[in-house]
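What the coordinates show
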Amino acid sequence: TDPEMLVLELMEIPGVVDVKWDQGDEYIEVNCERNQFSDVNSKFTENGYKIVESSLGWVPNETMSLSSDDEQKLENLLEALDESDEVANVWHNSA
């Protein structure tokens, strides 16, 4: 299936808000409203799509650019949080 056609096809599924195709890793990310999550998953399964991973997460309304110094500080913080056994997920709005 042509990936661009697949993206258009996925956008037609009720509840789907955004579809992003990552050519490098060859996966498609599908975003939907939180209250549509279960319905969208069901529709994907019903239509024969293989779901590799399905999860709820936070998507920022706006992103922000950081100075190189602040980018490094953020990277250090994210690495420290990643190493912690008590932190499961981290979201940020850095571009």
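Below: a short report on this structure. (Residues numbered from 1 in each chain as written. Predicted model: local features only at pLDDT ≥ 70, side-chain atom pairs only at ≥ 80, totals over all residues. Heavy atoms only, no water.)

1. Some thoughts on the nonpolar core
Rule in force here: Nonpolar core, defined: a set of buried Ala, Val, Leu, Ile, Met, Phe, Trp, Tyr and Cys residues in which side-chain atoms within 4.5 Å join the residues together. Summary of the burial criterion: residues with accessible area below 20% of their type's maximum are buried, those above 50% are exposed, and those between are partly exposed, where the area comes from a 1.4 Å probe applied to protein chains only. Under the scheme used here, helices are H or I runs from DSSP no shorter than 4 residues and strands are E runs no shorter than 2 residues, and both carry numbers assigned from the N terminus.
Of all hydrophobic cores here, the largest spans eight residues; its members are Leu6, Val7, Leu10, Ile13, Val16, Val19, Val40 and Phe44. At the level of elements, helix H1 (3-11), strand S1 (16-22) and helix H2 (37-46) are the ones that each hand at least two residues to this core. The leading source of residues in this core is H1, at three residues.

2. Thoughts on the environment of Asn31
Let me state the cut-off plainly: Pairs of residues are marked as contacts when any of their non-hydrogen atoms sit within 4.5 Å.
By the secondary structure assignment, Asn31 is in strand S2 (residues 27-32). Counting along the chain gives 55 residues from Asn31 to Glu86, while the straight-line C-alpha distance between them is 27 Å. Ignoring sequence-local partners within four residues, the contact set of Asn31 consists of Gly15, Val16, Val17, Asp18, Lys20 and Val59.

3. Quick word on the packing of aromatic side chains
Selection criterion: Pairing of aromatic side chains requires ring centres within 6.5 Å, counting the rings of Phe and Tyr and the six-membered ring of Trp. Pairs whose planes differ by under 30 degrees are stacked, by over 60 edge-to-face, and all others tilted.
Scanning all chains against the criterion turns up one aromatic pair. Their ring planes at 50 degrees and their centres at 5.4 Å tell us that Phe44 and Tyr49 sit as a pair that is tilted.

4. Digging into the side chain of Ser94
Locating Ser94 in the fold gives a position in the segment after helix H3 (68-83). Among residues more than four places away in sequence, those in contact with Ser94 are Met64, Leu66 and Leu74.

5. Focus: the layout of surface pockets
The following threshold applies: Here a cavity denotes grid points, spaced 1 Å and computed from the protein atoms alone, that fit a 1.4 Å probe unable to get out, and a pocket denotes an open set having protein on both sides within 12 Å along at least 5 of 7 lines; residues with an atom within 4 Å of a point are the lining. Grid points are joined across faces, edges and corners, and a volume is the space filled by probe spheres set on the points. Each residue receives one of three labels: charged for Asp, Glu, Lys and Arg, nonpolar for Ala, Val, Leu, Ile, Met, Phe, Trp, Tyr, Cys and Pro, and polar for the others, Gly being one of them.
Quantified by volume, the largest pocket comes out at close to 1,400 Å³. Along the walls of the largest pocket sit 34 residues, with Glu29, Val30, Asn31, Glu53 and Ser55 positioned nearest its centre. Elements with a contribution of two residues or more to the lining of the largest pocket: H1, S1, S2 and H2. Each residue belonging to the lining of the largest pocket can be placed in one class, and the counts come to 20 nonpolar, eight polar and six charged.

The values are spatial; any link to function lies outside them.
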